Amino acid sequence: MPKKALVIEDDGNIAELLRLYLEKEDFDVRIASDGGEGIRLADSWQPDLVLLDIMLPVLDGWVVCGEIRKNSQVPIIILTAKSETFDKITGLEMGADDYVVKPFEIKELLARIHAVMRRTEGEHKAEEKLLHYDKLTINLDSYELIVNGARVDTPPKEMELLYHLASSPNRVYTRNQLLDEVWGFDYFGDSRTVDVHIKRLREKLEGVSDQWSLKTVWGVGYKFEATEK
């Protein structure tokens, strides 16, 4: 699914320019033209990224940033004509992840967006090893597998294999890649070990949902195929 970007900007030309470039980067984009609307959308729509102007009607960007931070750790990049060091420090202390001064080069802004997204996604994954799909919850912190609302007893290595596949939906892994990345580089067992674990997982998961499944890619390996997360 595309990432969601909320642009809180009262200059219509800048907002539409940002929409154009963000959509080219496969973001689903919504625009708020004042601070109050921005807070409401951030709360109801739950974006993956916020681009936030400071000089806004109704509520300024400092207030908006503070309100968003009360309930969310979504990446926030401040966009403003102000370039004084004090304003940069204020923005970062309010909880913004980065600060870009207008006028900006769109390539620089996109690079900063991708850097912030990579950093925050990495931090999130480090904090929480929990995946949700339709009728499926994989919690590697507690080694719990919830299928259709019921806990299913699953050996640790099966859990680790399923989590690894489901962490990168639709990516195809060879058996040797899975042995290296799940069992470890020092594992010298037969690659059929992977087949056995996949077979056991399928017995637990087959037919639970039409939105995801464990697939064999003949001649290559396996993938966790998902249409919607």
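Residues numbered from 1 in each chain as written. Predicted model: local features only at pLDDT ≥ 70, side-chain atom pairs only at ≥ 80, totals over all residues. Heavy atoms only, no water.

Q: I tried to follow the packing of aromatic side chains on my own but got confused; where do I start?
A: Aromatic ring pairs: the centre-centre distance and the angle between the two ring planes describe each pair. Under the counting rule described, the total for this entry stands at 2 aromatic pairs. Judged by centre distance (4.8 Å) and plane angle (55 degrees), the ring pair of tyrosine 133 and phenylalanine 224 falls under tilted. One end of the pair, tyrosine 133, is in strand 6 (residues 130–133); the other, phenylalanine 224, is in strand 12 (residues 221–226), with 91 residues separating them in the sequence. The same class applies to tyrosine 133 as to phenylalanine 224, namely buried. (Phe/Tyr/Trp six-rings, centres within 6.5 Å; stacked < 30°, edge-to-face > 60°. Helix = DSSP H or I, 4+ residues; strand = E, 2+ residues; numbered from the N terminus. Buried < 20%, exposed > 50% of the residue type's maximum accessible area, 1.4 Å probe, protein only.)

Q: So what exactly am I meant to see when it comes to the sheet that holds strand 3 (residues 49–53) here?
A: Two pairing modes exist for strands in a sheet, parallel and antiparallel, and in both the strands are linked by backbone hydrogen bonds. The strand order across the open sheet formed by 5 strands is 2-1-3-4-5, and the pairing between neighbours is parallel. Whereas interior strands pair on both sides, the edge strands pair on one side only; in this sheet they are strand 2 (27–32) and strand 5 (98–101). Between one strand axis and the next, the sheet turns through 20 degrees on average, direction left out of account. As defined by bridge partners, strand 4 (residues 76–80) adjoins strand 5 across 4 bridges and the pair is classed as parallel. In the strand pairing of strand 5, leucine 79 is matched with valine 100. Against the sheet, helix 1 (residues 12–24) contacts strand 1 (3–8), strand 2, strand 3 and strand 4, and its axis sits at roughly 170 degrees relative to strand 2. Sheet strands in contact with helix 2 (residues 35–45) are strand 1 and strand 2, and its direction is about 145 degrees off that of strand 2. (Pairing = 2+ DSSP bridges. Axes fitted to C-alpha atoms, helices over the stretch in contact; angles between N-to-C directions. Contact = heavy atoms within 4.5 Å.)

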